[in-house]
Amino acid sequence: MPIQVAIYQSDSEKPVIETLTLDKEKYSFSIPLGYNPTKVVLDPEFWVLMDSDFKRKK
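Definitions and cut-offs
- What you see as residue numbers is a count from 1 along each chain, following the sequence as written.
- Local features are withheld for residues below a pLDDT of 70 in this predicted model, meaning they are given only at 70 or higher, and side-chain atom pairs are given and counted only at 80 or more; totals for whole chains, interfaces and linings count all residues.
- Heavy atoms from the whole structure form the basis of all side-chain values; hydrogens and water molecules are not counted.
- In this description a helix means any DSSP run of H or I spanning at least four residues, a strand means any run of E spanning at least two, and both kinds are numbered starting from the N terminus.
- The cut-offs for exposure are 20% and 50% of the maximum accessible area for each residue type, with area from a 1.4 Å probe on protein chains only; residues under the lower value are buried, those over the upper are exposed, and the others partly exposed.
- Residue contacts are defined here by distance: any two heavy atoms, one from each residue, within 4.5 Å place the two residues in contact.

Enquirer: Got a minute to help me understand the overall build of the protein chain in this structure?
Expert: A count of helices and strands for the protein chain gives zero helices and three strands. Its helices and strands in sequence order give the protein chain the pattern β-β-β, from N to C terminus. Along the first, second and third principal axes, the C-alpha set of the protein chain runs to 35 × 25 × 15 Å. Burial analysis of the protein chain (58 residues in total) assigns 12% to the buried set. Taking the intrachain contacts of the protein chain between residues at least 6 apart in sequence as the baseline, contacts between residues at least 24 apart amount to 49%.

Written out as structure tokens, the structure is:
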């Protein structure tokens, strides 16, 4: 199942949209960036019924 992730930069109004393909009940992913995002939104258009949890990788 494809799902979108919206990644916001502090100096940009439009987010960068990444599409991930999920094929398991639980999924962990990492998106390398050259900046610290101000906000990350999983499924910004609310297309998928789900529970989600974000954890920042240290």
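Enquirer: Would you explain unusual backbone geometry in this entry?
Expert: It is generally the case that most residues other than glycine have a negative phi and that most peptide bonds are trans. At D43, a residue that is not glycine, the phi angle is positive and equals roughly 55°. Note on placement: D43 falls in the segment after β3 (39-42). A relative accessible area of 3% means that D43 is categorised as buried. Positive phi outside glycine occurs at F46, with the angle close to 60°. As for its position among the elements, F46 is in the segment after β3.

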